[in-house]
Amino acid sequence: WAGKALALRQLERFDDAVRSAREALNLDPSDPNLWLLCSYCLTFASRHDEATDSVRGAYDAYVAAGRPEGLRHIFEDEAVVRKTHIRCRQNALCR
C-alpha cells in the first residue's frame, strides 16, 4: 500500500494516494514512517490540518517505540532551510 501511495502521488492522484497511505497505516499504525507517508500525501491533497494530525501520530508512534527523537531530523532539516533562506536574503545571494 505504501508503494502504491507513492506511485499515485507521482501521478498527481492525491486523494487516491491518501487512501492508499491510510490502508498502509491501518495495517501497522505503530510504524511512524507510515504516519509520515500519510502526512506527505495529505499535504499534496491540500488537507493540511489532517497532515498535521498525521505528524502528531508519527510522533506518538516514535514515543511508543521509545524513540521520541525520531522526528528530530525533520525539524533540523527545516531549520537548515530557514537559516539558508535568511542568509541568502541578507546577502542577496539567491536573488
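Predicted, not measured: the structure shown is a model, and the values here were computed from it. (Residues numbered from 1 in each chain as written. Predicted model: local features only at pLDDT ≥ 70, side-chain atom pairs only at ≥ 80, totals over all residues. Heavy atoms only, no water.)

Enquirer: Would you take a moment to explain the nonpolar core for this structure?
Expert: As a rule of thumb, nonpolar side chains are buried together in soluble globular proteins. One finds Ala21, Leu37 and Cys41 to be the most contacted residues of the largest nonpolar core, which totals 14 residues. Of all elements in the fold, only helix H1 (2–10), helix H2 (14–27) and helix H3 (32–44) reach the threshold of two or more residues within this core. Each residue touching Cys41, except ones within four places of it in the same chain, is listed here: Ala5, Arg9, Ala17, Val18 and Ala21. (Core = buried A, V, L, I, M, F, W, Y, C linked by side-chain atoms within 4.5 Å. Buried < 20%, exposed > 50% of the residue type's maximum accessible area, 1.4 Å probe, protein only. Helix = DSSP H or I, 4+ residues; strand = E, 2+ residues; numbered from the N terminus. Contact = heavy atoms within 4.5 Å.)

Enquirer: Explain the packing of aromatic side chains to me, please; I cannot follow it from the model alone.
Expert: Aromatic ring pairs are described here by two measures, namely the spacing of the ring centres and the angle between the planes. According to the stated counting rule, one finds two aromatic pairs in the structure shown. With 5.1 Å between their ring centres and 70° between their planes, Tyr40 and Phe44 make a pair best called edge-to-face. One end of the pair is Tyr40 and the other is Phe44, both in helix H3 and four residues apart, which spans about a single turn. On the basis of relative accessibility, which here comes to 34%, the residue Phe44 falls in the partly exposed class. A network of ring pairs unites the aromatic residues Phe14, Tyr40 and Phe44 as a single cluster. Residue placement shows Arg9 over the ring face of Phe44; its charged tip is 4.1 Å from the ring centre. (Phe/Tyr/Trp six-rings, centres within 6.5 Å; stacked < 30°, edge-to-face > 60°. Lys NZ or Arg CZ within 6 Å of the ring centre and 35° of its normal.)

Enquirer: Quick question: what am I supposed to make of the side chain of Ser20 here?
Expert: Tracing the sequence through the fold places Ser20 in helix H2. For Ser20, a relative accessible area of 4% gives the class buried. Setting aside anything within four residues of it in sequence, one finds Ser20 in contact with Trp1, Lys4, Ala5 and Leu8.

Enquirer: Whenever I open this one, the confidence of the model for the protein chain confuses me. Can you help?
Expert: Regions with low pLDDT carry predicted coordinates that are not meant to be interpreted in detail. Residue-level pLDDT values for the protein chain average 83, and 78% of them are 70 or greater. Considering each helix and strand of the protein chain separately, the mean pLDDT is smallest for helix H5 (residues 72–91), with a value of 53, and largest for H2, with 97. For the stretch residues 84–95, pLDDT sits under 50, and the model shows three contacts to residues farther than four places along the chain or on other chains. (pLDDT = per-residue confidence, 0-100.)

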